[in-house]
Each structure stands twice: as structure tokens, then as C-alpha cells.
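A look at the structure
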Amino acid sequence: MAIKIIKTTPFKGQKPGTSGLRKKVVEFEKPHYLANFVQSVFDSLEKYKGKTLVVGGDGRYLNREAVQIILKMAAANGFGKVLVGQGGLLSTPAVSCIIRKYKAFGGLILSASHNPAGPKEDFGIKYNTSNGGPAPESVTEAIYARTKKISEYKIVDEPDVDIDTLGEIKLGKMTVEVIDSVKDYIQLMEELFDFDLISKLFENGFSMRFDAMHAITGPYAKEIFEKILGAPVGTVINGKPKTDFGGGHPDPNLAHAHELVNLMTDSDAHSFGAASDGDGDRNMILGKNIFVTPSDSLAVLAANAHLVPGYKHGIVGVARSMPTSGAADLVAKDLLVKSYETPTGWKFFGNLMDADKVTFCGEESFGTGSSHIREKDGLWAVLLWLNILAARGESVEQIMQSHWEKYGRNYYSRHDYEAVNSEMAVKLMDNLRAKSADMKGKKIGSYEVELCDDFSYTDPIDGSISNNQGIRILFKGGARIIYRLSGTGTEGATLRIYIESYEKNHEKLNIDTQNNLAELISIAVQIAEVGMRTGRYRPSVIT
Ligand code: G1P
Ligand code: ZN
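Just so it is clear, the model here is predicted, and its values are computed rather than measured. Sequence order sets the numbering: in each chain, residues are counted from 1 along the sequence as written. Working convention: letters from A go to chains and numbers from 1 go to ligands, in the order in which they are written. Residue-level local features of this predicted model are given only where pLDDT is at least 70; pairs of side-chain atoms are given and counted only at 80 or more, and the full residue set underlies all totals for whole chains, interfaces and linings. Water and hydrogen atoms play no part in the side-chain values, which are based on all heavy atoms of the structure.

Details of the nonpolar core
- For our purposes a nonpolar core is just a set of buried Ala, Val, Leu, Ile, Met, Phe, Trp, Tyr and Cys residues, chained together by side-chain atoms within 4.5 Å. Burial classification: accessible surface area is computed with a 1.4 Å probe over protein chains only, and a residue below 20% of its type maximum counts as buried, one above 50% as exposed, and the rest as partly exposed. The biggest cluster of nonpolar side chains holds 73 residues, and the ones touching the most others in it are Phe225, Phe272, Trp385 and Leu386.
- Put simply, DSSP marks the helices as runs of H or I at least four residues long and the strands as runs of E at least two long, and each gets a number from the N terminus on. Element by element, the count of residues in this core is highest for helix H13 (residues 378-392), at eleven residues.
- The contact definition used throughout considers only heavy atoms, calling two residues in contact when any of these lie within 4.5 Å. The contacts of Phe272, once residues within four sequence positions are left out, are Phe206, Ser207, Met208, Arg209, Met264, Ile285, Leu286, Val382, Trp385, Leu386, Leu389 and Val396.

Some points on the pattern of salt bridges
- A carboxyl oxygen of Asp or Glu within 4 Å of a side-chain nitrogen of Lys or Arg is what we treat as a salt bridge. Within the structure shown, the criterion is met by 34 salt bridges.
- The salt bridge involving Arg392 is made with Glu394; its shortest N-O contact spans 2.7 Å.
- The class for Glu394 is partly exposed, based on a relative accessible area of 27%.
- In this structure, Asp430 and Arg433 form a salt bridge, with 3.0 Å as the shortest nitrogen-oxygen distance.

Considering the site of ligand 1
- Taken together, 15 residues sit near ligand 1, with Ser365, Ser486, Gly487, Thr488 and Arg496 positioned nearest.
- Take Arg484: an N or O atom from its side chain is 2.7 Å from an oxygen atom of ligand 1.
- Within the backbone of Gly487, an N or O atom sits 2.6 Å from an oxygen atom of ligand 1.
- Considered class by class, the residues forming the shell around ligand 1 number one nonpolar, seven polar and seven charged. The cutoff for a nearby residue is simple: one of its non-hydrogen atoms must lie within 4 Å of the molecule or strand. Counted as a polar contact is a pair of N or O atoms within 3.5 Å, where, for protein atoms, one must be capable of donating a hydrogen and the other of accepting one, and residues adjacent in sequence contribute only when both atoms are in side chains. Each residue receives one of three labels: charged for Asp, Glu, Lys and Arg, nonpolar for Ala, Val, Leu, Ile, Met, Phe, Trp, Tyr, Cys and Pro, and polar for the others, Gly being one of them.

Here's the deal with the packing of aromatic side chains
- Stacked, tilted and edge-to-face pairs are distinguished by plane angle, under 30 degrees for stacked and over 60 for edge-to-face with tilted covering the rest, among Phe, Tyr and Trp rings (Trp via its six-membered ring) whose centres lie within 6.5 Å. The tally for this structure, following the rule as stated, stands at 17 aromatic pairs.
- Centroid distance Phe28 to Tyr33: 5.1 Å. Interplanar angle 75°. Geometry classified as edge-to-face. Each member of the pair Phe28 and Tyr33 is classed as buried.
- Ring geometry for Phe206 against Phe272: centres 6.4 Å apart, planes inclined by 35°, an arrangement best described as tilted. Of this pair, Phe206 sits in the loop between helix H7 (195-203) and strand S10 (208-211) while Phe272 sits in strand S12 (residues 272-276), placing them 66 residues apart in sequence.
- Here the aromatic residues Phe42, Tyr48, Phe79 and Phe105 are joined through ring pairs into a cluster of three or more.
- The side chain of Arg409 reaches across the aromatic face of Trp404, ending 3.8 Å from its centre. By the criterion adopted, a ring carries a charge over it if an Arg CZ or a Lys NZ lies within 6 Å of its centre and within 35 degrees of its normal.

Brief notes about the sheet that holds strand S5 (residues 106-110)
- Pairing between two strands is assigned when DSSP locates at least 2 bridges connecting them. An order of S2-S6-S5-S3-S4-S9-S8 is seen for the seven strands of this open sheet, with the pairing classed as mixed. The open sheet terminates on both sides in strands that have one partner only, identified here as strand S2 (21-24) and strand S8 (167-171). With direction set aside, neighbouring strand axes in the sheet form an average angle of 20°.
- Where strand S3 (residues 52-57) lies against strand S4 (residues 81-89), five bridges are found, and the strand directions are parallel. If you follow Leu53 over to S4, its bridge partner there is Val82.
- A fitted line through C-alpha atoms serves as each axis, taken over the contacting stretch for helices, and the angle formed by two N-to-C directions is quoted from 0 to 180°. Packing of helix H3 (residues 63-76) onto the sheet brings it into contact with S3, S4, S5, strand S6 (122-128), S8 and strand S9 (174-179), and relative to S4 it is tilted by some 170°.
- Docked against the sheet, helix H4 (residues 92-101) engages S3, S4, S5, S6 and S9, running at close to 170° with respect to S5.

Some details on the coordination of the zinc ion (ligand 2)
- Because water is not among the atoms used, a metal site may look incomplete, as its donors are only the N, O and S atoms within 2.8 Å, or 3.2 Å for Na, K and Ca. Listed as protein donors to the zinc ion (ligand 2) are Ser113 (OG), Asp277 (OD), Asp279 (OD) and Asp281 (OD); their distances from the metal cover 2.0 to 2.1 Å.
- Square planar and octahedral sites, with four and six donors, are those where opposite donors lie more than 155 degrees apart and all other angles lie between 65 and 115, tetrahedral sites have four donors with every angle between 85 and 135 degrees, and the rest are irregular. The site at the zinc ion (ligand 2) holds four donor atoms, and with the angles between them running 88 to 163°, its shape is irregular.
- As a motif over one chain, the donors of the zinc ion (ligand 2) read S-x163-D-x1-D-x1-D. In this pair, Ser113 sits in the loop between S5 and S6 while Asp281 sits in the loop between S12 and strand S13 (283-287), placing the two residues 168 residues apart along the sequence.
- Using a relative accessible area of 4% as the deciding quantity, one classes Ser113 as buried.
- Given the relative accessible area of 6%, Asp281 is considered buried.

Focus on the sheet that holds strand S16 (residues 338-342)
- Taken together, four strands build an open sheet; the order of strands is S16-S15-S17-S18 and the sheet is mixed. Each edge of the open sheet is held by one strand with a lone partner, namely S16 and strand S18 (367-370). Here the average twist between neighbouring strands, direction ignored, is 15°.
- Here five bridges tie strand S15 (residues 317-321) to S16, and the two strands are oriented parallel to one another. Bridged to Gly317 within S16 is Lys338.
- Where helix H10 (residues 294-304) meets the sheet, its contacts fall on S15, strand S17 (360-363) and S18, and the angle it forms with S17 comes to roughly 170°.

Here's the deal with the packing of helix H6 (residues 183-192) against H13
- Viewed as axis vectors pointing N to C, H6 and H13 meet at an angle of 30°, and their least axial separation amounts to 11 Å. The angle between the axes of H6 and H13 places the two elements in the roughly parallel class. In the packing of H6 onto H13, the handedness of the crossing is right-handed. Where H6 abuts H13, its residues Tyr185, Met189 and Leu192 lie against Leu379, Trp380 and Leu383.
- Looking at side-chain class alone, the contact of H6 with H13 contains six nonpolar, no polar and no charged residues. Roughly parallel here means an angle under 35 degrees, roughly antiparallel means over 145, roughly perpendicular means 65 to 115, and every remaining angle is called oblique. When the near helix sits turned anticlockwise from the far one by under a right angle, the crossing is termed left-handed; a clockwise turn instead gives a right-handed crossing.

Okay, structure coming up:
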């Protein structure tokens, strides 16, 4: 086996963010760019020789080429085996599942999540560790440090590997096993959920649409819903993964999943609608003419978990990111289990799940998951909803109404100001931080400030501290306004304002969310002086 040592120079701007390295495809197409990153990952790991790596991606443009480079570099660097999804395809939750199931050393996921794909759009790569979760900051920092020093990388001089035929092949001394992209993941879903009960729903005419948005979940969803559970063909829409995701923006929310939203508001709407994102970890849940906020979804799933085989003994705890509404906390209190409030980003949930402190986790950004893997999981959330709908024999709307009757309702919305001038955005936050010092006790309109701070989190497991995680204004009675800057944007800064109010009284339930939050929304833009400081008088996206 001929190993080539290729001389390279470190690239600027390779700092991996919370979701790995995400850049425009043109960057990744520069000579050695991907290889530099992959070698930096390998150089940051210890004792991986002879061990197994899992590789797969969401099928976007460059996916197949990237897989070949990774396979050849893994062989040159001494991995014993690579498990690669057929055609190079694996959803993010499937990678997490496969790493755990086969006790792999780690995995490389090729994806830029919900960001558009194609030659002019985004590509990404991220490393997950042996627990199946995203690499912790200590690892991503080590990778980053390495990318700044790297001078050469190793790759075998061999022809491309056939990644379309299932089975084992040798690449130098390393074994490449091309695995079925959906099988292991579906087996795990079958262990957690009552598939027979869910199939009865479809047998009785229950009508659902799942929008795969031309991304990775298509093959998984078709197999699960249309083949195994017996839903009619056509239940999965946009089910064929395309390298450019059909030119769309596969982010399952009210702004981007409009095809599904329209289907669910038709006069002959389906009973249930759901969508997932580019790499399959996000989810959106819709009922007939009703949208379930991700924050409410987490709460409802927690409250009903015991109805589902995989969670029949109940849940040990719930975690939510700080900007996610407090709905799940109310359920946790009722169930007498602990609830945790973490900074934004899935990685903070990993420690809690590894230590068996929580079973369910969720973020307002359409991410829900459980300790069955260490990533959020779009199809898992959809199946959990279906299992609960089947077990309760009720509609989404009925379930939501009775949930709000019992717990009260957290009205919730997020307003994003995208591609704001970065300097202006930082100044806006600085100004807010300065203001927050003496906001306590202030009366603003019909609200009184109970607490105002910049959220800081101490990890209960490893004691690590994360500061400056977002400015919180907490009002008496449970209303909140949160401000933070996105950590995942690729253009300028994105200011996110999260607005929440809490109504214990069920009578008020029919008020439209934006209307209900109108006063808080105007307080939010006034306090931050959004218009004056950014030149933006309207959010770019409301979810
Ligand atoms: C966004 C979401 C966050 C999620 C992350 C990765 O990050 O807000 O909840 O974990 O994408 O999917 P942000 O751009 O806000 O930093
Ligand atoms: Zn994603």
C-alpha cells in the first residue's frame, strides 16, 4: 500500500463552530482544504489505530467526493475499519446510532444541516466521539489548533472505493464496510416504538404527510412510513435526496417548509404533518390547522412518554436550551423529575445524558431528542408523536388543548434579524448587557422585570463554565425576552430575539401567538433599540 505524504499549508478561517466546520462549497473545493481538516481531526485523536470510524453525509453536493478522500486518509492514518453508509449517505442521527451500536471510535458527518446545498451553497464536516455525540469543546479546540499548524497529510494512493455496493472491501490494510444506510437506525426505532399500534392508525385511514425536503430523511421515511407502517405511497413528499436539495432550504419551520404548511391548512387537511431538515436531526410537527411549537412538543412528549414502550418506565429528567420555553419545566415538576436549562447547542445535553440525568432534551430551534442516541433526531420525534397519537386515540389539537388546560400555555416566538452588520450586532448586545445591570424591579408596560442577566451555565457533570450565553429579561408571571447572537450563521451576524409569555388561564387560548405577544415584542425591540442600532425595522424570519 502506497501512502502519499502531501505537503500543505495551514488555511485561515478553519475554526470549527458548534456544528463543526461549515463553509461555502468553493472553500471546500480549494486544494487540500478538506484533507487539512480531516488530518487535523486525526492528529487530535489518540489511540485510534486499528479502530473503527463511521462515515456518511446528507447527500449534498461534494458528499461523494468527500467520502473518498476520508476513506483514503483513514486508511493512510491507520484506522482498522470504516463503516460507510451506502452511496455515502447517513443521517446525523443514524451516524450517532451506528457509532454507539458498533462501539466505533468516532464518526465524521458530512453536512451543513439545514443550509442550502449545491455548488454555490454550503458544505460541512463534523467529528463525533465514541458516545455518538458531537465532539466536546476540548476536542474541537484541539482540532482548530492543529489546523493552524498543519504542514502535511497522509493519503493512500489507491483508486476510488465502490461505495454503492453493500459489503466489505480492502483499502490498503483497512477494511471498508459499505452498510445499509437505514437498517440500524430503523432497528433502533422498532425497539423504542409500538410499530403495530402505529400501523393500525394508518390502517384506519389516518392521513399524514412527511416532507423530507429533498434531503437525507427521504429514504428513511419512505422505508419506515410507507413500507413498514403501511402508510399509503405519497405520504412522504420530496422524498428523493438531491445534491442541491431541489434548490430549497431544508429547515423545517413555518418559514421554509411552506409546502407542508399549505397542505396542513387546506380545507381537507391531513391529520398529521411533519418535516425534517437536511441531515435529519430537526423536526417540525403540525396537526390539522395547528402548529406545535418545538418547546411545546418537548413538553407534550415528556408528559406522554410513559405511553410508549421505550419510555414506559418514565423519564429521569428533561433538559432544554435556555431560550426554549419553560413548558417542559412545568411537566418535569409535575412528574417529579429534574429539569435542566443549558446554553444553546446540542452538545450541552451529552454530559447530562451520559450521566443518566435526563431522558429527553429539546431546543426551540426544532430539535428534540432522547438518550437513545447523542444527537437530536427528527424521525424519532415524529414516531414518538405518532405513537402517542395512536395510544391516546386523539388528534394533535385535542392533545394540545388538554395539555394547555393542565399546565397553562407558554406562547412563544423567535424573531431573527439575519445578516446584520457584525459590529452593530455586537454593540447592540454590549448595550443590552450594560442596561441589564439595573433593570431589576423596573415596570415596563404591563410587565415587571424580575431578573435580568447574561446567562451563564455551569455543567453539573464536569463543572465547566460557559459565560455570555444570551441576555435574559425575566418578568414576573413567567414572561421572558431573550437576546443572543447566532453561532452558526455564515453571513454577518444574526440577532435572535426569543419572546415568551405564560398564560395559566385556558380561556385565552384562541388568541393568535404574534398578537398575544405583541406588547412583549414591542418591548423587546425598544429595549434593544433594534431599529436604530441595526437599521432593521422588521425581523427577517419569524418562527
Ligand atoms: C442554531 C440553533 C441552535 C442549534 C444550532 C445547531 O444555533 O439556534 O438551537 O443547536 O443551530 O443546529 P444558533 O445559530 O442560534 O447559534
Ligand atoms: Zn440539522
